[in-house]
Amino acid sequence: MTRRTGSANAATKHSSNTGLIIGASLIVLALMIAVIAAKPGSGPAASAVSTPAVSAPAVAATRPAAALTARDAHFDFGQISMKAGKVSHSYWFRNESADPVLLQRVYTSCMCTTATLVKGARTIGSYGMPGHGPMPDVNEKLAPGEAAYVDAVFDPAAHGPAGLGPTERVVTIEHGAGKPLEFHFTANVRP
Ligand SMILES: [Cu+2]
């Protein structure tokens, strides 16, 4: 009984207060509009300065430097022997972009080096130096977030005695999302 009466009184008080609050708010709002209208330049100018300063670094941070990124683009075989035969190294790379990337061509910088593309359970290639035998296009799509690798095989005996000493070779992947990806290796070839 008492609770009901109390709540009824509170409701009555509340509704009468609401009228006062709305009235006061309208006066305050009218004053604010008058102040803003009196200085038309201040409001828009302030927001125009602050908006690019905040949004520009955020956009740059979310955009990756390249769609395809290599885990390690350089490898050193160290000292290797012609007699011991071929050596190989796998270079992993990943599609960091939100779109599929078309892998167009894979080739090497010299006929002593071949490269095989391995994507999932599939082995594609191998590919050699342009101008040395047939060079079919790869035409494989790498899905967003998907990783693959190229297996580079170097034959230190391919050049005979002329191939002794320090050497460097490159495996290149041309793709549809910017600068070609390059994988380098070095070796010091001994007899
Ligand atoms: Cu060579």
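Computed from a predicted model, the values in this text were never measured in an experiment.

### Some points on the environment of Pro166
Then comes step 1: Tracing the sequence through the fold places Pro166 in strand β9 (residues 165-175).
Then comes step 2: Look at Pro166 and you get exposed, because 9 C-beta atoms sit within 10 Å.
Then comes step 3: Sequence separation between Pro166 and Gln79 is 87 residues, and the spatial gap between their C-alpha atoms is 8.7 Å.
Then comes step 4: Every residue in contact with Pro166, bar those within four places of it in the chain, is listed here: Thr186 and Asn188.

### A word on the sheet that holds strand β5 (residues 113-119)
Then comes step 1: In spatial order, the strands read β1-β3-β8-β5-β6; together these five strands make up an open sheet with antiparallel pairing. Unpaired on one side and paired on the other, β1 (68-70) and β6 (122-127) mark the two borders of the sheet. Strand-to-strand twist of the sheet, defined as the mean angle between neighbouring strand axes without regard to direction, takes the value 25°.
Then comes step 2: Across six bridges, the pairing between β5 and strand β8 (residues 147-154) is antiparallel.

### Section: unusual backbone geometry
Then comes step 1: Cis rather than trans, the peptide bond between Gly125 and Ser126 has omega equal to 20°.
Then comes step 2: With respect to the helices and strands, Ser126 occurs in strand β6.
Then comes step 3: The phi torsion at Asn139 lies on the positive side, around 50°, for a residue other than glycine.
Then comes step 4: Mapped onto the secondary structure, Asn139 falls in the loop between β6 and β7 (140-142).

### Some thoughts on the environment of Met135
Then comes step 1: Mapped onto the fold, Met135 is located in the loop between β6 and β7.
Then comes step 2: C-alpha of Met135 to C-alpha of Tyr107: the two residues are 28 residues apart in sequence and 8.2 Å apart in space.
Then comes step 3: Those residues in contact with Met135 that sit more than four places away from it in its chain are Tyr107, Tyr127 and Pro130.

### Regarding the nonpolar core
Then comes step 1: Grouped together as the largest cluster of nonpolar side chains are 24 residues, with contacts concentrated most on Tyr91, Val106, Ala115, Val150, Ala152 and Val171.
Then comes step 2: Those elements that provide at least two residues to this core are β3 (87-95), β4 (101-108), β5, β8, β9 and β10 (181-190).
Then comes step 3: Broken down by element, this core gets its largest block of residues, five residues, from β10.
Then comes step 4: If near-sequence neighbours (up to four positions away) are discounted, Val171 is found in contact with Tyr91, Thr108, Thr113, Ala115, Val150, Ala152 and Phe183.

### Describing the pairing of β3
Then comes step 1: As paired strands, β1 and β3 are joined by three bridges and run antiparallel to one another. Bridge assignment links Thr69 to a residue of β3, and that residue is Arg94.
Then comes step 2: Note that β3 and β8 share eight bridges and pair antiparallel. Bridge assignment links Ser88 to a residue of β8, and that residue is Val153.

### With respect to the sheet that holds β9
Then comes step 1: Sheet architecture is open: five strands sit in the order β2-β10-β9-β4-β7, paired in mixed fashion. Where the open sheet ends on each side, the last strands, each with one partner, are β2 (74-81) and β7. On average, each strand axis in the sheet is inclined to that of its neighbour by 30°, with strand direction left out of account.
Then comes step 2: Sheet topology places β2 next to β10; six bridges connect them, and they run parallel. Residue pairing for β10: Gln79 is matched across the bridge by Asn188.

Procedures and definitions
- Residues numbered from 1 in each chain as written.
- Predicted model: local features only at pLDDT ≥ 70, side-chain atom pairs only at ≥ 80, totals over all residues.
- Helix = DSSP H or I, 4+ residues; strand = E, 2+ residues; numbered from the N terminus.
- Buried ≥ 20, exposed ≤ 12 C-beta atoms within 10 Å, placed from the backbone.
- Contact = placed C-beta atoms within 7 Å.
- Pairing = 2+ DSSP bridges.
- Axes fitted to C-alpha atoms, helices over the stretch in contact; angles between N-to-C directions.
- Core = buried A, V, L, I, M, F, W, Y, C linked by C-beta atoms within 7 Å.

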